[in-house]
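Residues per chain are reported as follows:
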Amino acid sequence: MQNKSSLFSEEEMNMAHIAKALSHPARIRILTLLAECKRCITGELVRDLPLAQATVSQHLKVLKDAGLIQGEIDGPATCYCLETETITKTRRAFGELLGGICCGKTNREE
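A brief structural summary.

Focus on the sheet that holds strand β3 (residues 77–82)
- The strand order across the open sheet built from three strands is β1-β3-β2, with neighbouring strands paired in antiparallel fashion. Edge positions in the sheet fall to β1 (40–41) and β2 (69–74), since each has one partner strand and no second.
- Sheet topology places β1 next to β3; two bridges connect them, and they run antiparallel. Bridge assignment links C40 to a residue of β3, and that residue is Y80.
- Set on the sheet, helix α2 (residues 25–37) makes contact with β1, β2 and β3; between it and β3 the angle comes to about 85°.
- Here helix α4 (residues 53–65) sits on the sheet and contacts β2 and β3; the angle it forms with β2, its principal contact strand, is near 120°.

Here you go:
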């Protein structure tokens, strides 16, 4: 029996994984905060979000697993920042996808 995920390209699977990571407003806010301050300690994010520390940590894990952020242990805290290479690739991939949809074309037709 064929695995249904094998019917999709690696790029399609990766985009779906990232879209899922972006599917919560708290994660969007976390990315925005990280873009504004360039680097943030978990406690600072908790202070800026209306969520418990454990909830913020769960959202950070999802973003990190998707490759959108990276974390570095700094003593008792973890400092997070954007993973700019992944952000750039994601921006390009979604721009191409949505641009093709808006124009009624796919990248394969061009």
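As for α4
- Taking 1.5 Å per residue as the helical rise, α4 with its 13 residues ought to reach 18 Å, and the 18 Å between its terminal C-alpha atoms agrees with that figure.
- Packed against the buried residues of α4 are α1 (10–21), α2, α3 (42–48), β2 and β3.
- Looking at the residues trailing α4, positive phi occurs at G67, about 80°.

Regarding the nonpolar core
- Of all hydrophobic cores here, the largest spans 17 residues; its most connected members are I30, L45, L60, L68 and I69.
- Sorting the residues of this core by element identifies α1, α2, α3 and α4 as the ones contributing at least two each.
- Ranked by residues supplied to this core, first place goes to α2 with four residues.
- Discounting chain neighbours no more than four positions away, the residues touching L45 are I30, L33, C40, V56 and L60.

Remarks on the environment of T90
- Its location among the elements puts T90 in helix α5 (residues 84–103).
- By relative accessible area, which is 12% here, T90 ends up buried.
- Counting along the chain gives 76 residues from T90 to N14, while the straight-line C-alpha distance between them is 9.2 Å.
- Excluding residues that lie within four positions of it along the chain, T90 makes contacts with I18 and L68.

A short note on the packing of α2 against α4
- Where α2 meets α4, the closest approach of the two axes is 10 Å, and the angle between their N-to-C directions is 75°. If you check the angle between α2 and α4, you find them roughly perpendicular. Seen from α2, the contacting residues are A26, R27, I30 and L31; seen from α4, they are V56, H59, L60, V62 and L63.
- For the contact of α2 with α4, the residue count by class is seven nonpolar, one polar and one charged.

Quick word on unusual backbone geometry
- The phi dihedral of K38 is positive, around 70°, even though this residue is not glycine.
- Mapped onto the elements of the fold, K38 is located in the loop between α2 and β1.

What about a nonpolar patch on the surface?
- On the surface, a nonpolar cluster with roughly 310 Å² of combined accessible area is contributed by L7, F8 and M13.
- With respect to the helices and strands, L7 occurs in the segment before α1.

Rules and cut-offs
- Residues numbered from 1 in each chain as written.
- Predicted model: local features only at pLDDT ≥ 70, side-chain atom pairs only at ≥ 80, totals over all residues.
- Heavy atoms only, no water.
- Pairing = 2+ DSSP bridges.
- Helix = DSSP H or I, 4+ residues; strand = E, 2+ residues; numbered from the N terminus.
- Contact = heavy atoms within 4.5 Å.
- Axes fitted to C-alpha atoms, helices over the stretch in contact; angles between N-to-C directions.
- Expected span 1.5 Å × (residues − 1).
- Core = buried A, V, L, I, M, F, W, Y, C linked by side-chain atoms within 4.5 Å.
- Buried < 20%, exposed > 50% of the residue type's maximum accessible area, 1.4 Å probe, protein only.
- Parallel < 35°, antiparallel > 145°, perpendicular 65-115°, else oblique.
- Nonpolar A, V, L, I, M, F, W, Y, C, P; charged D, E, K, R; others polar.
- Patch = residues over 30% accessible without salt bridge, like charges linked within 9 Å, V, L, I, M, F, W, Y side chains within 5 Å.
- Areas by Shrake-Rupley, 256 points an atom, 1.4 Å probe, with all protein chains shown as cover.
- Salt bridge = Lys/Arg side-chain N within 4 Å of Asp/Glu carboxyl O.

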